[in-house]
Amino acid sequence: MAGYVVVGTQWGDEGKGKIIDVLANKADYVVRFQGGNNAGHTVVVNGEKFVLHLLPSGMLHGNGKCIIGPGVVIDPKVLLQELDTLEAKGAKVDHLFISDRAHIIMPYHVRMDELCEENSGEHKIGTTKRGIGPCYADKINRVGIRAVDLLDMNIFADKLKRGLEAKNLIFTKIYGAEPLSFDTIFEEYKGYADRLKHRIMDSIPEINKALDDGKLVLFEGAQAMMLDINYGTYPYVTSSSPTTGGVTTGAGVSPRKITKGIGVMKAYTTRVGEGPFVTELTDELGEQLRKTGFEYGATTGRPRRCGWLDLVVGKYAVDINGLTDIVITKIDVLSGLDTVKICVAYDIDGKRYTSVPASTEILSRAIPVYEELPGWKEDITQMKNYDELPENCKKYIKRMEEFLGCPISVVSVGPDRTQNIHIREI
Ligand code: GDP
Ligand code: IMO
Ligand code: MG
């Protein structure tokens with residue numbers, strides 16, 4: 001039995017897509033369990049770049065089945081566009097299936113996301129405006145539409161009618177915005193249902209059987225620890241659980257079947273959107289990291305905020321996810337710096353913290369406590385063995401491992417699927 005979960009340990013964009021693609025080579029299944037097309041996962045194959053938002057990043061590697069699991073929210077328009085794009089590039093797409101329990105993002109969710117953000121002034125979250133929060137809100141409020149409803153257009157019409165009526169009241173009476181049309185949405189979604197229905201399935205028995213039969217199932221996290229609805233920098237978070245715990249509710253498997261928790265950790269930190277970021281660099285160095293690391297959102301194109309590695313966040317991610325392995329990514333971006341810094345604690349209002357406080361207001365006042373390590377100058381992007389790495393780069397990795405108390409198994413040194421240094425087998 002092998003259920004491997006790959007999760008982000010910071011604020012997203014750690015390189016999860018790349019790592020899933022690498023591991024997918026030997027996987028029988030790759031399963032998304034939360035989030036939606038707020039994700040942007042980049043896979044680079046022979047110099048060609050693919051950005052996947054809803055499709056699992058295992059689509060391009062190996063022969064495994066790819067499943068969009070029950071805990072995901074699906075915008076069918078985006079899904080079909082992604083499938084069409086991959087197919088046009090000659091990739092195989094018939095191995096993609098959708099859980100019948102996954103919730104469907106409707107045009108009124110996207111509109112609601114936009115209106116909430118536009119009307120929140122300085123309190124806006126900086127969402128991706130893909131309708132993620134409003135869709136999850138309807139799910140929790142028990143008024144959502146699920147993939148299974150696309151299999152019977154009478155049921156779909158009834159749910160759409162009720163859902164849209166409620167949303168149109170809010171659009172017109174609260175926001176003074178235009179209502180959306182039932183007929184337009186119904187026709188559009190009927191077309192999506194026709195194209196998607198053969199992919200809609202009950203994924204739960206199949207995934208559980210695969211695990212019981214000793215197959216390798218790879219669960220692909222989107223977003224990350226600090227965007228988690230329960231444990232992230234609330235309210236500046238996403239609306240799902242991107243942690244290993246999210247697999248049990250989002251894919252329908254028992255925690256006993258999860259054998260590895262693999263945390264992807266960028267060698268520095270980035271964040272897109274609003275919210276506290278203790279180690280943020282707003283100076284030239286931050287700009288340099290953005291340029292060298294090409295830190296622009298894979299979904300919205302927004303410049304990512306950049307800063308030093310925060311190991312308070314890292315330890316929080318190790319603990320909450322029960323990580324068994326860490327994959328460090330983008331350490332090549334730090335090459336060339338005289339010194340590199342690691343945050344090991346926060347000073348807030350005269351008190352030292354070694355864990356992440358719940359209050360966003362308190363966290364916003366945190367002053368990072370840094371350890372400074374010597375940098376390295378060498379280009380490491382073509383290195384294949386740990387021993388080849390510059391001594392100071394190894395010291396950085398060792399310090400991370402020692403602080404986090406979790407083995408570092410792979411060091412990624414470039415975006416391509418071949419640019420990895422394997423320290424231990426995952
Ligand atoms: P994800 O959302 O976690 O899948 O990450 P993104 O794809 O949004 O962002 C990661 C970016 O870094 C992408 O452009 C990747 O191609 C790139 N990347 C991944 N690993 C490495 C690495 O080790 N070094 C460098 N230089 N780039 C990397
Ligand atoms: P991947 O999977 C980085 C951020 C948004 C915003 C907050 C809430 O590529 O790592 P949402 O649209 O989810 O309601 O926005 O979460 N966010 C991400 N940031 N990477 C992501 O995904 C993200 N998905 C959402 O920028 O701050
Ligand atoms: Mg991303």
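What counts, and where the lines are drawn
Residues numbered from 1 in each chain as written. Chains lettered and ligands numbered in written order. Predicted model: local features only at pLDDT ≥ 70, side-chain atom pairs only at ≥ 80, totals over all residues. Heavy atoms only, no water. Donors = N, O, S within 2.8 Å, 3.2 Å for Na, K, Ca; no water. Helix = DSSP H or I, 4+ residues; strand = E, 2+ residues; numbered from the N terminus. Buried < 20%, exposed > 50% of the residue type's maximum accessible area, 1.4 Å probe, protein only. UniProt positions renumbered as here; feature names shortened; annotations may be inferred. 1 Å grid on protein atoms, 1.4 Å probe; cavity = no way out; pocket = protein on both sides within 12 Å on 5 of 7 lines; lining within 4 Å. Contact = heavy atoms within 4.5 Å. Pairing = 2+ DSSP bridges. Axes fitted to C-alpha atoms, helices over the stretch in contact; angles between N-to-C directions. Near = heavy atom within 4 Å. Polar contact = N/O pair within 3.5 Å; in protein donor to acceptor, adjacent residues only side chain to side chain. Areas by Shrake-Rupley, 256 points an atom, 1.4 Å probe, with all protein chains shown as cover. Sits in = over half its atoms within 2 Å of the grid points. Nonpolar A, V, L, I, M, F, W, Y, C, P; charged D, E, K, R; others polar.

Visitor: Before we move on, can you summarise the coordination of the magnesium ion (ligand 3) with the specific residues and values?
Guide: At 2.0 to 2.2 Å from the magnesium ion (ligand 3) lie its protein donor atoms, namely Asp13 (OD) and Gly40 (O). With Asp13 in the loop between β1 (2-8) and α1 (16-24) and Gly40 in the loop between β2 (29-32) and β3 (41-45), the pair connects residues that are 27 residues apart, well separated along the chain. Using a relative accessible area of 22% as the deciding quantity, one classes Asp13 as partly exposed.

Visitor: If you had to explain the UniProt feature "active site" (unreviewed entry) in the protein chain to someone new, which residues and values would you point to?
Guide: Following the UniProt record, one finds the feature "active site" (unreviewed entry) at Asp13, His41 and Lys139. For this annotated set, covering 127 residues, the C-alpha atoms extend up to 25.9 Å from each other, a dispersed arrangement in space. As for the lining of the largest pocket, the annotated residues named previously contribute Asp13 and His41. When sequence neighbours within four positions are dropped, the list of residues in contact with Asp13 reads Gly40, Lys266, Val272 and Arg304. Looking at where Lys139 falls in the secondary structure, it is placed in helix α4 (residues 132-140). On the accessibility criterion, Lys139 (27% relative accessible area) is partly exposed.

Visitor: Could you give an account of the sheet that holds strand β20 (residues 420-422), naming the residues involved and the relevant values?
Guide: A sheet is described by the order of its strands in space; here ten strands give the open sequence β9-β7-β5-β2-β10-β1-β11-β15-β19-β20, paired in mixed fashion. Looking along the sheet, the strands with just one partner apiece sit at the ends: β9 (200-201) and β20. Taken together, the five bridges between β1 and strand β11 (residues 260-266) define a ladder with parallel strand orientation. Among the inter-strand pairings, Val6 is bridged to a residue of β11, identified as Ile262. Of the strands in this sheet, β11, β15 (325-329) and β19 (408-412) are in contact with helix α12 (residues 391-404), which crosses β19 at around 145°.

Visitor: Give a detailed account of the site of ligand 2, specifying residues and quantitative values.
Guide: Around ligand 2 there are 20 residues in total, and Lys16, His41, Thr128, Gln223 and Thr238 lie nearest to it. Thr128 places a polar side-chain atom, nitrogen or oxygen, 2.5 Å from an oxygen atom of ligand 2. Between an oxygen atom of ligand 2 and a main-chain N or O atom of Val272, the distance comes to 3.1 Å. Against a free-state accessible area of 550 Å², the protein chains account for coverage of 97% of ligand 2. Of all the cavities here, the one that holds ligand 2 is the largest pocket. Taken together, the residues that form the shell around ligand 2 break down as seven nonpolar, ten polar and three charged.

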